[in-house]
Amino acid sequence: MSDSQQDLASLISRISQLEERQNVSAKYMVGLKRQFDSLTQEFNTRPELQQIESFKSEISALQQHLQQLPTLSNGLDTEIKDAPAEPEKLDDAEVVRRFTERVEQQLRQEALEKMVIASSEQLAEVEVETDTAEAEEAVEQITRVFSDQEFKTERAMWLVNRIYAAEEDTQEIPVTAEEFWQWFNEGKRDFTGINLAGIDLAGKNLEYAGLNLSQANLTSAKLNQAKFCAVNFSGAKLKGAELYEANLQEANLSNANLECTNLCKANLFKTKLEKANLKKAKLEGANLRQAVLIEVNLSQADLRRAALSSANLEGANLEGVNLQQAVYNEKTVFPKDFDLIKAGAYLIAAGSSLLKANLTGANLNEVNLSGANLQEANLNSTQLRSADLSQATLSRASLTKANLNGAKLLQVHLNSANLSEANLSSANLTAANLSSANLTAANLSSANLAAANLSSANLSSANLQKTNLAAADLSFANLINTKFDKRTNLSGAILTDVNLAGIDLQGINMVRANFSRANLCGTWLTSSNLRGANLSSADLRGANLSYAYLEGANMKGANLSGVILTEAKLSGAIMPDGTTHE
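Residues numbered from 1 in each chain as written. Predicted model: local features only at pLDDT ≥ 70, side-chain atom pairs only at ≥ 80, totals over all residues. Heavy atoms only, no water.

Student: How should I be thinking about the overall build of the protein chain in this particular structure?
Tutor: From N to C terminus, the protein chain includes eight helices and two strands. Taken across its 582 residues, the protein chain has 40% of its residues classed as buried. For the protein chain, the share of sequence-separated contacts (at least 6 apart) that also reach a separation of at least 24 residues comes to 8%. Here the protein chain has roughly 30300 Å² of accessible surface; of this, 48% comes from carbon and sulfur atoms. (Helix = DSSP H or I, 4+ residues; strand = E, 2+ residues; numbered from the N terminus. Buried < 20%, exposed > 50% of the residue type's maximum accessible area, 1.4 Å probe, protein only. Contact = heavy atoms within 4.5 Å. Areas by Shrake-Rupley, 256 points an atom, 1.4 Å probe, with all protein chains shown as cover.)

Student: Help me out: how do you make sense of the environment of N489 in this one?
Tutor: With respect to the helices, strands and loops of the structure, N489 is situated in the segment after strand 2 (346–347). Along the sequence, N489 and N448 sit 41 residues apart, while their C-alpha atoms lie 9.7 Å from each other. If we ignore the near neighbours within four places in the chain, the residues touching N489 are T467, N468, L469, A470 and N509. A polar contact is formed between the side chain of N489 and the side chain of S491, at a distance of 2.8 Å. (Polar contact = N/O pair within 3.5 Å; in protein donor to acceptor, adjacent residues only side chain to side chain.)

Student: What exactly am I supposed to notice about the side chain of N363 here?
Tutor: Tracing the backbone through its elements, the reader meets N363 in the segment after strand 2. The buried category is assigned to N363, whose relative accessible area is 15%. For N363, the side chain forms a polar contact with the side chain of N365, separated by 3.2 Å. Leave out the neighbours within four places in its chain, and N363 touches N287, R289, A307, V327 and Q383.

Student: I tried to follow helix 7 (residues 177–185) on my own but got confused; where do I start?
Tutor: Considered for burial, the residues of helix 7 that qualify are A177, F180 and F184. Viewed end-on, helix 7 has its buried residues packed into an arc of 65 degrees, placing them on one side of the element. Along helix 7, the residues that are exposed and aim more than 90 degrees away from the buried face are E178 and N185. Note on helix 7: the residue one or two positions beyond its end, G187, has a positive phi of about 105 degrees. (Arc of directions from axis to C-beta.)

Student: Quick question: what am I supposed to make of the nonpolar core here?
Tutor: When a protein is soluble and globular, its nonpolar side chains tend to lie buried together. Within the largest apolar cluster, 85 residues are counted, with the highest numbers of intra-cluster contacts made by L394, L399, L404, L429 and F515. Apart from the residues lying within four places of it in its own chain, the contact partners of F515 are L495, L500, M510, L520, L530, N534, L535, S536 and A538. Grouped together as the second largest cluster of nonpolar side chains are 60 residues, A226, L268, L303 and L308 included. (Core = buried A, V, L, I, M, F, W, Y, C linked by side-chain atoms within 4.5 Å.)

Student: When you look at the confidence of the model for the protein chain in this model, what are you seeing that I'm missing?
Tutor: Low pLDDT means the predicted coordinates in that region are not meant to be read closely. Residue-level pLDDT values for the protein chain average 83, and 72% of them are 70 or greater. Of the regions scoring below 50 in pLDDT, residues 119–147 engages in 29 contacts with residues more than four places distant in sequence or in other chains. Between residues 157–170, whose pLDDT stays under 50, and residues either more than four places distant or in other chains, the model counts one contact. (pLDDT = per-residue confidence, 0-100.)

Student: How should I be thinking about the environment of N287 in this particular structure?
Tutor: Structurally, N287 can be placed in the loop between helix 7 and strand 1 (327–328). Looking at N287, the relative accessible area reads 9%, which means it is buried. C-alpha separation for the pair N287 and R305, spaced 18 residues apart in sequence, amounts to 9.2 Å. Among all residues touching N287, those that are not within four sequence positions of it are A266, N267, L268, F269, A307 and N363.

Student: Before we go on, may I ask you to explain the packing of aromatic side chains in this structure?
Tutor: Aromatic ring pairs are described here by two measures, namely the spacing of the ring centres and the angle between the planes. Enumeration according to the criterion identifies seven aromatic pairs in this entry. Each ring, one from F180 and one from W181, has its centre 5.6 Å from the other, and the planes form 70 degrees; the classification is edge-to-face. The interplanar angle of 80 degrees and the centroid separation of 5.3 Å between the aromatic rings of F228 and F233 together place this pair among those described as edge-to-face. Put simply, the rings of F180, W181, F184 and F191 touch in pairs and so form one group of aromatic residues. A cation over an aromatic ring shows up here: K188 above the ring of W183, its NZ or CZ 4.9 Å from the ring centre. The ring of F184 carries the charged tip of R189 above its face, separated from the ring centre by 3.8 Å. (Phe/Tyr/Trp six-rings, centres within 6.5 Å; stacked < 30°, edge-to-face > 60°. Lys NZ or Arg CZ within 6 Å of the ring centre and 35° of its normal.)

Student: Is there a simple way to explain the pattern of salt bridges in this structure?
Tutor: Counting across every chain of the model gives nine salt bridges. Where E551 meets R531, a salt bridge forms, and the shortest distance between an N and an O atom there is 3.3 Å. In this pair, E551 sits in the segment after strand 2 while R531 sits in the segment after strand 2, placing the two residues 20 residues apart along the sequence. The exposure class assigned to R531 is partly exposed, which follows from its relative accessible area of 32%. For D539, the salt bridge identified is with R541, shortest N-O distance 2.8 Å. Residues participating in the shared-partner salt-bridge network are E284, D302, R304 and R305. (Salt bridge = Lys/Arg side-chain N within 4 Å of Asp/Glu carboxyl O.)

Student: So what exactly am I meant to see when it comes to the environment of A221 here?
Tutor: Within the element layout of this structure, A221 appears in the loop between helix 7 and strand 1. Take A221: its relative accessible area is 0%, and that puts it in the buried class. Sequence spacing of A221 and I199 is 22 residues, and the spatial spacing of their C-alpha atoms is 4.8 Å. Other than its neighbours up to four places away in sequence, A221 contacts L196, G198, I199, A241 and E242.

Student: Help me understand the side chain of E259, please; the structure alone is not making it clear to me.
Tutor: Along the chain, E259 turns up in the loop between helix 7 and strand 1. In this structure E259 is buried but unpaired, with K239 as the nearest side chain of opposite charge at 4.2 Å. Beyond its immediate chain neighbours, meaning those up to four positions away, E259 contacts K239, G240, N277 and K279. (Lys, Arg positive; Asp, Glu negative; His and termini not counted.)

Here it is as structure tokens:
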């Protein structure tokens, strides 16, 4: 093909494209014209025109009426002509309101007309300036027939997209977790105003790092079980964030927005929450001891079983708050006239009456409940570490899996209480009453149970390693699978009628202990100190007493069949037949 033929073909192709583009443009212009005609028609038939005609008629009638008055017609004529048209019996405010509405409607009308004209001008500019390649792209994008409805929809969507685009331009794009950690690891600590909306920092450790997240956007962030001790969150946006079991001890959350935030079981000990918004927040089981909650908004918040000891809630908004089973002490400050009895909160103080109280899972660490009445109370899984419950009454109370580590329980009444799987390690239970108590699988290691009453108690699978049971009454107690070690002290203990068959009691101090009628069949008593012990009528068949110290022990009536007494010290011991061993 010659060059002239190629040029001719190219020219024909371009003419075709321009014709097609012109057709599309014509269709678009038809749509514009229809829209413009519709708007013009609406403008020409607007209700204001009818109102104006009505006003003219009323004013004309009024003028005729005034002209009939001989003395005032001349003076009023001029005033009527200059006065603005207003309907009869309308006050000034109504006239102004109607006038303002007409002005605003007319302005909107003019804006629409300008928008249509601007669209037409933009299309005209495209026709003049667009080259062939751009024309092809334009033809591909807009080649379709525009009906009246399609045109209106297209314009509406364009306006909506512009609105969203304008809003997005004013908002900072959220920082990803990867970007945040990169900056953090590079040593950055001041993140004031940063946008971390939706970030996942669950389980991360950021405590005591000098971190500043004031005014930060942490909306809907995932922060469960994260550590934020002493972090500055003042003025931060945490609406809808997840902070379940997060550690916020001594953090600054003053003026923060925590609306609808999940803070269940969070540690907020000594946390600053002054003027924070906690509306509808979930704080069930949270630790708010010594927290600053002055003028905080807790309306409709859930604080069931929360710890509020020594917290300051002066001026707080507690409208609709749920404080059922929450605990407070005499140092807790509440708003004036707040009804604590109606709220269902419990006063935790020495001598408090908490009969049948439900304190399940409550945080009562280090509290003073000495002399308190907790009969039949529910304290399952309750935290009572280092608490003082001396002389308190807990008869028939339920303390399954309760944590009483290091608690002070001198002369406490725990008869018939359920302490299965409870942690009583290092607790002081001197002279405590635990008769018929259920201590199955309880941890009593290093506990002091001197002179305690454990008669008929169930200690099966309990841990009694390094436990002091000197002079304790364990008569008829269930000691199956109980764990002892050489540091367990059973000196002077009463173990009558107990079942210790097969138990390892090697090397234990059992001086003057009473094992009368006890089942010690197959028990390991090697090197044990049983000086002066009472083993009368005990079943010692197959027991191993080699190297045991049995000086002065009473074994009258005991069954020693198959017993191993290798190198045992029997000086002065009373043998089964009543004779004294030399």
